[in-house]
Amino acid sequence: MTRIGVFDSGIGGVNVLKKLMDRHKATYFYLGDNKRIPYGSKSKDQIIEYSNQIVNFLEKYKIDFYVVACNTIAANALNDLKKNFDKKFIPVTEMGVKACLENEGDVFVLATKATVATHYYKKEIESRSNKKVTEVAALKFVDFIEEGIDSGDELDFAIKEYIKEANDKKIENIVLGCTHYPMIKDQIEKNLTYKANIIDPADYLSQKISFLENDKTDLEIFMTDTKPITKNMVSKILGMDVTINKVIL
Ligand code: DGL
C-alpha cells in the first residue's frame, strides 16, 4: 500500500493531485492550508514554519513519500523539510525545471512573490542551459482563484499586465509556476498575442513519477478552512463530490 502526502497552501495543489490520481493508483492524503493562504506574500521563515506544521500533521498517516504540490513551499522550505523529516519529497518546482529543459527556447515564469524572490527557476534553468529566464510575480492571481473567480474583465486586466513582457518578446515557454494558475490557463492563453508553449509542471510530474501502485485509489482531504466555495472548487477540479475534513495545524 503506497501512501502519498500531497500538500499546498490551498486548493492549487488539488490540480497536481488530480493529475496524479488520473495516472497512478495510491492512497492519497491531501492537505491545503487555505486558512493561511497566500503563502506567496509571506516571509521565508513563515513559509518554513507553516510547511513543517503541515508535514508534522501528515506524518500521523504513515506517509511513504511526499509530493510538494506548491511552488512557494518547494522554493522556500524544501531544504528545511528534508532536514527535519526523514522522507522523500518530490517538489513540483524540480519537475517544472526539467520540463523547461526539454523544450526549445527561452522561459517566462509566472509565480508568487515568494517563489520569484528565491529565483529558483532562473538559477536552475540558466545554470543548466543557455536559456534566458524571465520571472514575474503575479500577485493577484491566487486571491482571484481562491475566491472562485476564474474569468472576467478584472482577471483579464491583471493577466495582460503580468504577461506583457512575454507578449512583447514572444517568449517561447511560459511556466505556470504556481499550482493555482492552471485553473486560469485558458484565460492566460486567450490574452497571449502569440502562440506559446504553456508548461504546467504537474503534467511532467504525473508522467515521470513511478512507485509501487495500489489496486485502487483512496483519498483523504484535509483543509484548514472549509468554506462552501472550497468544497465546490475541489469537487470541480477532481470531478467528484468530496468530503473535506477540517484540520487545525
Ligand atoms: N499554490 C502555491 C504555489 O504553487 C501558492 C499560492 C499561495 O500564494 O499561497 O506557489
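Values in this document were obtained by computation on a predicted structure and should not be read as measured data.

*Asks:* What should I look at first to understand the overall build of the chain in this one?
*Replies:* Secondary structure assignment for the chain yields twelve helices and ten strands. Taken over C-alpha atoms, the radius of gyration comes to 17 Å for the chain, in line with the 18 Å a tight globule of 249 residues would show. For the chain, the computed accessible surface area is about 11200 Å², with 48% contributed by carbon and sulfur atoms.

*Asks:* Explain the sheet that holds strand S5 (residues 107-111) to me, please; I cannot follow it from the model alone.
*Replies:* By definition, the strands of a sheet pair up through backbone hydrogen bonds, in either a parallel or an antiparallel sense. Read from one edge to the other, the open sheet built from four strands follows the order S6-S5-S7-S8, with strand pairing classed as parallel. Two strands lie at the open edges of the sheet, namely strand S6 (133-137) and strand S8 (197-199), each paired on one side alone. Put simply, the sheet's adjacent strands are angled 20 degrees from each other on average, direction ignored. For S5 and S6, the ladder comprises five bridges, and the chain directions are parallel. Within S6, the residue paired with Val107 across the bridge is Val133.

*Asks:* Can you walk me through the packing of helix H1 (residues 13-23) against helix H11 (residues 201-208) in this structure?
*Replies:* To characterise two packed helices, one gives the angle between the axes of the helices and the distance between these axes. Following both chains from N to C, one finds H1 and H11 inclined at 30 degrees, their axes separated by 9 Å at the closest point. In terms of orientation, H1 and H11 fall into the roughly parallel class. H1 and H11 meet at a crossing whose hand is right-handed. Every residue of H11 that contacts H1 at Val16, Lys19, Leu20 and Arg23 is listed here: Ala202, Asp203, Leu205, Ser206 and Gln207.

*Asks:* Sorry if this is basic, but what is going on with the state of the cysteines here?
*Replies:* Put plainly, two cysteines are in a disulfide when a covalent bond ties their sulfur atoms together. Evaluated as defined, the whole model comprises zero disulfides. Cys100 forms no disulfide, and the closest cysteine sulfur to it belongs to Cys178, at a distance of 15 Å. Relative accessible area serves as the criterion here: at 0%, Cys100 is assigned to the buried category.

*Asks:* Please explain the site of the ligand as it appears in this structure.
*Replies:* Surveying the vicinity of the ligand reveals 14 residues, the closest of which are Ser9, Tyr39, Gly40, Thr72 and Thr179. Here an oxygen atom of the ligand and a backbone polar atom of Gly40 are 2.8 Å apart. With respect to the ligand, the side chain of Thr72 contributes an N or O atom lying 2.6 Å from an oxygen atom. In isolation the ligand exposes 300 Å². Once the protein is present, 99% of that is buried. Put simply, the ligand lies in the largest cavity. Looking at side-chain class alone, the shell around the ligand contains six nonpolar, seven polar and one charged residues.

Cut-offs applied
- Residues numbered from 1 in each chain as written.
- Predicted model: local features only at pLDDT ≥ 70, side-chain atom pairs only at ≥ 80, totals over all residues.
- Heavy atoms only, no water.
- Helix = DSSP H or I, 4+ residues; strand = E, 2+ residues; numbered from the N terminus.
- Rg over C-alpha atoms; globule rule 2.2 N^0.38 Å.
- Areas by Shrake-Rupley, 256 points an atom, 1.4 Å probe, with all protein chains shown as cover.
- Pairing = 2+ DSSP bridges.
- Axes fitted to C-alpha atoms, helices over the stretch in contact; angles between N-to-C directions.
- Parallel < 35°, antiparallel > 145°, perpendicular 65-115°, else oblique.
- Left-handed = near helix turned anticlockwise from the far one by under 90°.
- Contact = heavy atoms within 4.5 Å.
- Disulfide = S-S within 2.5 Å.
- Buried < 20%, exposed > 50% of the residue type's maximum accessible area, 1.4 Å probe, protein only.
- Near = heavy atom within 4 Å.
- Polar contact = N/O pair within 3.5 Å; in protein donor to acceptor, adjacent residues only side chain to side chain.
- 1 Å grid on protein atoms, 1.4 Å probe; cavity = no way out; pocket = protein on both sides within 12 Å on 5 of 7 lines; lining within 4 Å.
- Sits in = over half its atoms within 2 Å of the grid points.
- Nonpolar A, V, L, I, M, F, W, Y, C, P; charged D, E, K, R; others polar.

So, to be careful, I would describe these as geometric facts and stop short of saying anything about function.
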